Amino acid sequence: MEEMNPIVYLKMVDTEKITLVTVDGEKFELTKAQSAMSGLITSMLDNLDDDEDELPILNDINSKTLRKVIEYLDYHKDVPTPDIPKPLETTIEEAVPEWDANYINLSQEELFELVMAANFLDINPLINLVWWGGLILILGTLIATLPKEVMNKQTRRRLRQS
């Protein structure tokens, strides 16, 4: 079996679809509408010569993470991305629509992989959503471990704003 290089590559299937291949060899087909939120993919498609059909993207996004990114792109190709208020003065569940809040209900490791992929692919709304979701997860764990008498309302508000 041929060993795959640790890269993701972009391949044009036709003028309306592209194929992304992950480091672990799984192929994902995207429409241009799905990939429009990715600054990297948009830029690469704009710079693609007529005789080129694939371009290497030097990164190692695995299939599980890319599948999650595509889930986000697929949903938000027709649904506007939420604006997350800063500072966040409420829970993430109250700040964003239910679909987005459920989408980031992941482990710290999954959130880290997702934000790294979103950052690499230049998908700013996803970066913001995952970043805030991760911060809330970490702060929620921190707040839960502190004694209640230490955590007055003002302290909680300061932690949410940082």
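Residues numbered from 1 in each chain as written. Predicted model: local features only at pLDDT ≥ 70, side-chain atom pairs only at ≥ 80, totals over all residues. Heavy atoms only, no water.

1. Looking at the overall build of the protein
Here's step 1: When helices and strands are counted, the protein shows eight helices and four strands.
Here's step 2: Secondary structure elements of the protein occur, N-terminal to C-terminal, as β-β-β-α-α-β-α-α-α-α-α-α.
Here's step 3: Here the protein, with 162 residues, has 37% of them falling under the buried criterion.
Here's step 4: Within the protein, contacts between residues at least 6 apart in sequence are counted, and of these 58% link residues at least 24 apart.
Here's step 5: With an accessible surface of roughly 9900 Å², the protein has 51% of that area assigned to carbon and sulfur atoms. (Helix = DSSP H or I, 4+ residues; strand = E, 2+ residues; numbered from the N terminus. Buried < 20%, exposed > 50% of the residue type's maximum accessible area, 1.4 Å probe, protein only. Contact = heavy atoms within 4.5 Å. Areas by Shrake-Rupley, 256 points an atom, 1.4 Å probe, with all protein chains shown as cover.)

2. Concerning the nonpolar core
Here's step 1: In terms of nonpolar packing, the biggest core is built from 33 residues, with Leu66, Val69 and Leu126 touching the most fellow members.
Here's step 2: If you list the elements that add at least two residues to this core, you get strand E2 (17-21), strand E3 (27-31), helix H2 (39-46), helix H3 (63-76), helix H4 (92-95), helix H5 (98-103), helix H6 (108-121) and helix H7 (124-145). (Core = buried A, V, L, I, M, F, W, Y, C linked by side-chain atoms within 4.5 Å.)

3. Things to note about H6
Here's step 1: In this model, H6 (14 residues) spans 20 Å end to end at C-alpha, consistent with the 20 Å of a helix rising 1.5 Å per residue.
Here's step 2: Asp122 occupies a position one or two residues after H6 and carries a positive phi of about 60°. (Expected span 1.5 Å × (residues − 1).)

4. Examining H3
Here's step 1: When the terminal C-alpha atoms of H3 are compared, their 20 Å separation across 14 residues agrees well with the 20 Å that a helix rising 1.5 Å per residue should span.
Here's step 2: Looking at H3, one finds that the buried residues are Ser63, Thr65, Leu66, Lys68, Val69, Ile70, Tyr72, Leu73 and His76.
Here's step 3: For H3, the side-chain oxygen to backbone nitrogen distance between the N-cap and Lys64 is 3.2 Å, and the N-cap itself is Asn62. (Polar contact = N/O pair within 3.5 Å; in protein donor to acceptor, adjacent residues only side chain to side chain.)

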